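# Examining the three-dimensional arrangement
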Amino acid sequence: KIAEDTRQRIYQISRQLGYVNHRRIADRERQSIKRVALAFVCGDGPCDLPTDALARGAFRQNLRLEIRYVKDKDDSSITASLLEIAVDCDALLLNGYVSHAVLKNLTTEGIRYVVLGPPLGGVRDLPSGSTVVTCDMVDMGRAATRRLMALGHQRIGFVGTQRAVGMLQDSLLT
């Protein structure tokens, strides 16, 4: 038998560490996010993701960032993998091949998530409560060019991957 004062100390330490005895993170009473997983859904594609800056940012914010790669190909398998990852985290950061169906499933399960970059199918008609963070590549290119010009640079080049005529990179060069 465990003494009552020992039991209370264990409960107090568990609360301080954020331990939750629950299979889902749907415990909405907790206010702060302490454990975050970045799930990169890559399917058959390469799983290359620059994670150093994310790790440094998480450290400065006192977050535990876990980086996971999901190589599943269909929506139900992707959802199952993400739900398994979510068990150990307070929220998910999603990137890669994330469909509206997967987001709807996560929303239904009460999982908190933020999509980094546009999901498959674009940003219209997302499930209610979805959060997507993306950027305007044209304005980003112009802002970078203006900054370089302000620093006195006059010969500014653009280096990118191979592209087809009419792709987004064309608008960066105008």
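These figures come from a predicted structure and were not determined experimentally.

## A closer look at the nonpolar core
Val-70, Leu-82, Ile-85, Leu-92, Leu-94, Leu-106 and Tyr-113 are the most contacted members of the largest nonpolar core, which totals 19 residues. For this core, the secondary-structure elements that each account for two or more residues are strand E1 (35-41), helix H3 (75-86), strand E3 (91-96), helix H4 (100-108) and strand E4 (113-116). Counting residues per element, this core draws most heavily on H3, at 5 residues. Those residues in contact with Leu-82, other than ones at most four positions away along the chain, are Ala-39, Val-70, Leu-92, Leu-94, Val-102 and Leu-106.

## Re the confidence of the model for the protein
Mean pLDDT over the protein stands at 75; residues scoring 70 or higher make up 72%. Mean pLDDT values for the elements of the protein range from 45 in helix H6 (residues 168-172) up to 92 in H4. Contacts from residues 23-31, a stretch scored under 50 in pLDDT, to residues over four places away or in other chains number 22 contacts. For residues 163-174, every residue scores under 50 in pLDDT, and the model assigns this stretch 15 contacts once sequence neighbours within four places are set aside.

## Remarks on the environment of Gly-122
Mapped onto the fold, Gly-122 is located in the loop between E4 and strand E5 (132-133). On the accessibility criterion, Gly-122 (24% relative accessible area) is partly exposed. Taking the C-alpha atoms as reference points, Gly-122 and His-100, 22 residues apart in sequence, are found 8.6 Å from one another.

## Regarding the side chain of Asn-95
Relative to the elements of secondary structure, Asn-95 occurs in strand E3. Residue classification places Asn-95 among the buried residues on the basis of a relative accessible area of 18%. Among the polar contacts made by the side chain of Asn-95, one reaches the main-chain carbonyl oxygen of Leu-116 at a distance of 2.6 Å.

## Quick word on the sheet that holds E4
Taken together, 5 strands build an open sheet; the order of strands is E2-E1-E3-E4-E5 and the sheet is parallel. The sheet is open, and its two borders are formed by strand E2 (64-70) and E5, each paired with just one other strand. Of the pairings in the sheet, the one linking E4 to E5 comprises 2 bridges and is parallel in character. Looking at E5, one finds that Val-115 is bridged to Val-132. In the packing of H3 onto the sheet, contacts are made with E1, E2 and E3, and the angle to E2 comes to roughly 160°. Lying over the sheet, H4 contacts E3 and E4, oriented at roughly 160° with respect to E4.

## Examining unusual backbone geometry
Where the residue is not glycine, phi is negative for most of them; where a peptide bond is considered, it is trans in most cases. In this model, Asp-125 sits at a positive phi of 60°, which is unusual for a non-glycine residue. Relative to the elements of secondary structure, Asp-125 occurs in the loop between E4 and E5.

About the thresholds
- Residues numbered from 1 in each chain as written.
- Predicted model: local features only at pLDDT ≥ 70, side-chain atom pairs only at ≥ 80, totals over all residues.
- Heavy atoms only, no water.
- Core = buried A, V, L, I, M, F, W, Y, C linked by side-chain atoms within 4.5 Å.
- Buried < 20%, exposed > 50% of the residue type's maximum accessible area, 1.4 Å probe, protein only.
- Helix = DSSP H or I, 4+ residues; strand = E, 2+ residues; numbered from the N terminus.
- Contact = heavy atoms within 4.5 Å.
- pLDDT = per-residue confidence, 0-100.
- Polar contact = N/O pair within 3.5 Å; in protein donor to acceptor, adjacent residues only side chain to side chain.
- Pairing = 2+ DSSP bridges.
- Axes fitted to C-alpha atoms, helices over the stretch in contact; angles between N-to-C directions.

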